[in-house]
Amino acid sequence: MDFKDQIKLLSERVIKLKENIQTEEATKTAFILPFLQTLGYDVFDPTEVVPEFTCDLGIKKGEKIDYALHKEGQPIILIECKHWQDDLSSRNGQLFRYFHVSNARFGILTNGVVYRFYTDLVEKNKMDEKPFFEFNMERYRESQVDKLREFHKSYFDLDTILNTASELKYTNEIRSAIIREVGDPSDEFVKYFARPIYPGRFNDVVMEQFRSIVRQAFAQYTNDYMNERLKSAISADTVVENRAEPKAGEEAAAESAPSKGDDNRIVTTEEELQGFYIVRSILYPEIDDIARVAYRDTISYFGILLDDNNRKPICRLHFNSSNKYLETFDSEKKGTKHLLESLDDIYKYRQELVATSQMY
């Protein structure tokens, strides 16, 4: 089985079983040891996967860390484990202390769901405070699986990983900074773009005006960029509406809405397609194959679905009246309508759209 398929199966296992895992030991058994097996290590070989690995710390002897992966008799990775519900944000203290008294060049802090990879990029033999790589079993990109593969026993090469660790670390930090600035531009970020085009003084009023303009400009740029990227995928989409099975709480009109093939009154507008492109651009980083996000138009609404499946509605666009609404869905598929002043307002509901798509 391909490595990507193995990770996918383990991801499904974590999502399915996590609510039944009550202790840290159960987390190790159900999630972490299978993860190490997926990386090619024999968890039943105590010369390869060493549980309760001893790390003597100064005058404190016999201090232990949960696991150490060995290669040629030497530790290469230290692993500190927590219960799957534990927040890892402030849990790397023990791993930090043991790192510099070990020959291992990598440390992993994990709760069986999130795996944080550390090394010593800033100061040699002293573990960095921030991980250079993070892998989330519930939510990951294919490119991250390729990076994780480098830690597989068959491919593990110390020099190769160290050469890419720095790039990974700073690329991820810059990516996070871009996301923060695009969502909530700082004063410096706003001025960087506004100064060349606005010769006046930047008081509070002007700053807030340009903050909104910068945010909107990036939203429009993202929309235009994704439109170009998605044209080929959109051309292959099916737009035939099949009637969904009646579901309690849904509007009768929506249930019986005819499809394009059934009613020539249905006209898919450019505005609806633009809304569809925006939703796709929002979900692009979250879904392995963006072509899975499809649409079906009806008389009552313009539906956006996952896997072209009526039982997986992501949202609906209600653009057939003077007021335009975005309808999002909660975990029980109960819809909530949001008034849109412009199509760019769809970006405000990114969290709801991502949560709904991940629900399926």
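Residues numbered from 1 in each chain as written. Predicted model: local features only at pLDDT ≥ 70, side-chain atom pairs only at ≥ 80, totals over all residues. Heavy atoms only, no water.

Before going further, it helps to examine the overall build of the protein. Within the protein, the regular secondary structure consists of ten helices and eleven strands. When burial is assessed residue by residue, the protein has 43% of its 360 residues classed as buried. Put simply, 51% of the contacts in the protein that link residues at least 6 apart link residues at least 24 apart. As displayed, the protein has an accessible area near 19800 Å², and 48% of this comes from carbon and sulfur atoms. (Helix = DSSP H or I, 4+ residues; strand = E, 2+ residues; numbered from the N terminus. Buried < 20%, exposed > 50% of the residue type's maximum accessible area, 1.4 Å probe, protein only. Contact = heavy atoms within 4.5 Å. Areas by Shrake-Rupley, 256 points an atom, 1.4 Å probe, with all protein chains shown as cover.)

A separate point is the packing of helix α9 (residues 270–283) against helix α10 (residues 350–359). In the contact formed by α9 and α10, the axes pass within 10 Å of each other and the chain directions differ by 75°. The pairing of α9 with α10 is recorded here as roughly perpendicular in orientation. The segment α9 lies against α10, with Val279, Ile282 and Leu283 engaging Arg350, Leu353, Val354 and Ser357. Class assignment of the residues belonging to the contact of α9 with α10 gives a composition of five nonpolar, one polar and one charged. (Axes fitted to C-alpha atoms, helices over the stretch in contact; angles between N-to-C directions. Parallel < 35°, antiparallel > 145°, perpendicular 65-115°, else oblique. Nonpolar A, V, L, I, M, F, W, Y, C, P; charged D, E, K, R; others polar.)

Let's shift gears to a nonpolar patch on the surface. Together, Val122, Tyr170, Ile174 and Ile178 give the surface a local cluster of nonpolar side chains, amounting to about 410 Å² of exposed area. Take tyrosine 170: it is sitting in helix α5 (residues 158–183). A relative accessible area of 38% means that tyrosine 170 is categorised as partly exposed. (Patch = residues over 30% accessible without salt bridge, like charges linked within 9 Å, V, L, I, M, F, W, Y side chains within 5 Å. Salt bridge = Lys/Arg side-chain N within 4 Å of Asp/Glu carboxyl O.)

The end-to-end C-alpha distance of helix α1 (residues 3–17) is 21 Å, a good match for the 21 Å that 15 residues give at a rise of 1.5 Å each. The complete set of buried residues in α1 reads Phe3, Ile7, Leu10, Ser11 and Val14. Viewed along the axis of α1, the buried residues span an arc of 105°, placing them on a single side of the element. On its buried side, α1 packs onto α2 (24–38), β6 (133–136) and α4 (142–149). Two or three places before lysine 4, at the start of α1, stands the capping residue aspartate 2, its side-chain oxygen 2.9 Å from that residue's backbone nitrogen. (Expected span 1.5 Å × (residues − 1). Arc of directions from axis to C-beta. Polar contact = N/O pair within 3.5 Å; in protein donor to acceptor, adjacent residues only side chain to side chain.)

For the rest of this paragraph, the subject is the pairing of strand β5 (residues 114–118). In terms of burial, β5 is a largely internal element, five of the five residues being buried. Bridge count for strand β4 (residues 106–110) against β5 is four bridges, and the pairing is antiparallel. Bridging from a neighbouring strand, glycine 107 pairs with tyrosine 118 of β5. A loop of three residues connects β4 with β5, the two strands running antiparallel in sequence, and glycine 112 in this loop sits at a positive phi of about 85°. (Pairing = 2+ DSSP bridges.)

Among the nonpolar cores identified, the biggest contains 52 residues, and Ile77 and Leu148 are the most heavily contacted of them. Ignoring sequence-local partners within four residues, the contact set of isoleucine 77 consists of Tyr67, Ala68, Leu69, Ala104, Phe106, Ile108, Phe151 and Phe156. With 25 residues, the next largest nonpolar core counts Leu306, Leu317, Phe319 and Leu340 among its residues. (Core = buried A, V, L, I, M, F, W, Y, C linked by side-chain atoms within 4.5 Å.)

Right, let's get into the sheet that holds β6. Here six strands make up an open sheet; going across it, the order is β1-β2-β3-β4-β5-β6 and the pairing mixed. Edge positions in the open sheet fall to β1 (49–54) and β6, since each of these has one partner strand only. Averaged over all pairs of adjacent strands, the angle between their axes in this sheet comes to 25°, without regard to strand direction. Contacts from α4 reach β5 and β6 within the one sheet, and its direction differs from that of β6 by about 115°.

Take the packing of aromatic side chains next. Applying the stated criterion to the full structure yields 21 aromatic pairs. Seen from their ring centres, phenylalanine 202 and phenylalanine 210 are 6.1 Å apart, and the 50° between their planes marks the pair as tilted. Exposure remark for phenylalanine 202: the relative accessible area of 16% places this residue in the buried category. Of the aromatic side chains, those joined through ring pairs into one cluster are Phe106, Phe117, Phe132, Phe133, Phe135, Tyr140, Phe151 and Phe156. The residue whose ring lies beneath arginine 316 is tyrosine 301, and the NZ or CZ to ring-centre distance is 4.1 Å. (Phe/Tyr/Trp six-rings, centres within 6.5 Å; stacked < 30°, edge-to-face > 60°. Lys NZ or Arg CZ within 6 Å of the ring centre and 35° of its normal.)

This next bit is on the sheet that holds strand β10 (residues 324–329). Strand order in the open sheet made by the five strands is β7-β8-β9-β10-β11, with antiparallel pairing throughout. The open sheet terminates on both sides in strands that have one partner only, identified here as β7 (293–297) and β11 (335–340). Mean inter-strand twist for the sheet, computed between neighbouring axes without regard to direction, equals 20°. Bridge analysis of strand β9 (residues 313–318) against β10 gives four bridges, and the strand direction is antiparallel. Within β10, the position partnered with cysteine 315 by the bridge is threonine 328.

Quick look at the pattern of salt bridges now. Within the structure shown, the criterion is met by 22 salt bridges. Taking the shortest distance from any N to any O, the salt bridge between arginine 116 and glutamate 134 comes out at 2.9 Å. With arginine 116 in strand β5 and glutamate 134 in strand β6, this residue pair connects regions lying 18 residues apart in the sequence. For arginine 116, a relative accessible area of 17% corresponds to the buried category. A relative accessible area of 33% means that glutamate 134 is categorised as partly exposed. Across the pair lysine 312 and aspartate 307 runs a salt bridge, and its minimum N-O distance is 2.9 Å. Residue classification places aspartate 307 among the partly exposed residues on the basis of a relative accessible area of 31%. If you follow the salt bridges from partner to partner, you end up with Lys4, Glu142, Asp146 and Arg149 in one network.

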